[in-house]
Amino acid sequence: MTADFVLTGGLVADGTGAAAVAADLAVAGDRIAAIGAPGTLAAGRRIDCAGRMVAPGFIDAHTHDDAILFDLPDMPMKTSQGVTTVVTGNCGVSTAPVALPGDPPPPLDLLGGRGTYRFARFAEWRRALAAEPAAVNAIGLVGHSALRVCAMDRVDRPATAAEIAAMGEALDGAMADGALGLSTGLFYAPARAAPTAEIVALARIAAAHGGLYATHLRDEGAHLEASVEEALRIGREADLPVVLSHHKAAGKPNHGKTARTLPLIDAARRRQRVALDVYPYVASSTVLSPERVAAATRVLVTWSKPHPELGGRDLADIAREWDVTVEAAAGRLLPAGAIYFAMAEEDVRRVLSWPEAMIGSDGLPHDTHPHPRLWGTFPRVLGHYARDVGLFAVEEAIRRMTSLPAKRLGLRDRGTLRAGAFADIVVFDPKRVIDRATFAEPKLAGEGIERTFVNGRAVWENGAIAGARPGRALARDAAAMDYSA
């Protein structure tokens, strides 16, 4: 057979977790045409992958890329990691269906400032992506906090029946337009006052369309277990899959709690559909909160509207220079973002090692000085945790980044290498792959990711942007969602 190009001489890891095997892979158009024994496939162009691993493109299961897809469509922070599909709209924050004329309130400002929220219907966001494609594919959730900000005069109280109906109408329209499901950020101010019943009412609308429910838990610290139980209850009462976002135990008094939450989740999986995602770092990143800084051993400022020059600085150093407490310094910096060092390595490794853990970067691309997870998550899992630490085999790491999220999120014909699947492919050096982004220099591309293809076209080659923007706005495919073991 003939094809557009053949990746030859490499070890093909198909995404299922099976051992990689020597094989050639042929691409025709936007699909994988064939996988065959070395030297058996013909094409006009042959790409030598000797000593390299060929894998499905990585699926970033948890992002805040809603707006950066338009602002920086080459998406180098993702393509340089081998990421070919991103899931947006997490933590209750989505740019659609939301139209805000002024500056968005925290945490909506994590996605950008004035002008970011301009898509009154979810279909408008998808049409804009189709008209101005990015380098990667994207599928979006609808944020509960975003719905609340649009439907309520103030968000420090439960929504009324009329307000829930208004939010439900917007969510119903978004689900009809292809949204993946509903997300919440019950930890954040716009959603904190929402009772469980309010979320169940909206989750039932997502469920009616075959969608899922993804949640930044109400509390990831002292009340972690109760918050997990609340999320599971919402899934049961609304009868839809639950995705626990960036699962962690935050704050020193809570270190080790994942040893209790993971068995709790395992038990729940026997009677309902449950998944989770995790990032491979001991520090989190979100809006700066004076109430939260005391729980962290260190806080780095990622951006500040009144003091932009202080992005990347340590909050304790700023407080000393200003001769105030860290809480007072945080108050002066608002609105702002921060990195909080508040987790234990043992918890990070425990969640990463859980067999059903998907990988999500949770990066904030609009931060002046972002968390290194934005640029480093996937090579860090492959190089540090799989190869160097030995938490699991490289092929198993690939499964957690590819076929596992594809099954849980219903991404048909993506996440595995097989004839007929979309040609989302990454070629990397398993001996050299590693993250380079650090908390001091967070915008460094990793090493060892040599080529990334999206829908059959190169978007990252030999350490540089390739220039193509073949990404697509993906729609929910409920029939493809699979929560079996």
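The sections below set out a description of the structure shown in this document.

## Observations regarding the packing of helix α9 (residues 258-269) against helix α12 (residues 345-353)
Look at α9 against α12: their axes get within 10 Å of each other, and the N-to-C directions meet at 20°. Looking at the two axes, α9 sits roughly parallel to α12. Taken as a pair, α9 and α12 cross one another with a handedness that is right-handed. Across the interface between the two elements, Thr258, Ala259 and Leu262 from α9 touch Asp347, Arg350 and Val351 from α12. Looking at the contact of α9 with α12 residue by residue, the classes come out as 3 nonpolar, 1 polar and 2 charged.

## Focus: α12
Quick reminder: α-helices carry 3.6 residues per turn. Residues three or four places apart thus point the same way. Among the residues of α12, Asp347, Val348, Val351 and Leu352 are the ones counted as buried. Down the axis of α12, the buried side of the element spans an arc of 130°, and every buried residue falls inside it. Contacts from the buried residues of α12 go to α9, β15 (274-278), β19 (357-359), α13 (373-388) and α14 (394-401).

## Structural notes on the pairing of strand β3 (residues 31-36)
Where strand β2 (residues 21-28) and β3 come together, 5 bridges link them in antiparallel fashion. Counted as the bridge partner of alanine 28 is arginine 31 from β3. Turn length for the β2-β3 hairpin, with the two strands adjacent in sequence and antiparallel, is 2 residues, and the turn residue glycine 29 shows positive phi of about 65°.

## Observations concerning the sheet that holds strand β12 (residues 181-185)
Strands belonging to one sheet form pairs held by backbone hydrogen bonds; the direction of such a pair is parallel or antiparallel. If you trace the 6 strands from one edge of the open sheet to the other, you get β11-β12-β13-β14-β15-β19, paired in parallel fashion. Each of the sheet's edge strands pairs with one partner strand only, and the pair in question is β11 (142-143) and β19. One ladder, built from 2 bridges, connects β11 with β12; its direction is parallel. Paired with valine 142 across the two strands is leucine 182, which belongs to β12.

## Description of the state of the cysteines
Simply put, disulfide is the name for a covalent bond between the sulfur atoms of two cysteines. What the rule picks out here adds up to 0 disulfides. Unpaired in terms of disulfides, cysteine 91 finds its nearest cysteine sulfur in cysteine 150, a separation of 18 Å. The buried category is assigned to cysteine 91, whose relative accessible area is 5%.

Cut-offs and rules
Residues numbered from 1 in each chain as written. Predicted model: local features only at pLDDT ≥ 70, side-chain atom pairs only at ≥ 80, totals over all residues. Heavy atoms only, no water. Axes fitted to C-alpha atoms, helices over the stretch in contact; angles between N-to-C directions. Helix = DSSP H or I, 4+ residues; strand = E, 2+ residues; numbered from the N terminus. Parallel < 35°, antiparallel > 145°, perpendicular 65-115°, else oblique. Left-handed = near helix turned anticlockwise from the far one by under 90°. Contact = heavy atoms within 4.5 Å. Nonpolar A, V, L, I, M, F, W, Y, C, P; charged D, E, K, R; others polar. Buried < 20%, exposed > 50% of the residue type's maximum accessible area, 1.4 Å probe, protein only. Arc of directions from axis to C-beta. Pairing = 2+ DSSP bridges. Disulfide = S-S within 2.5 Å.

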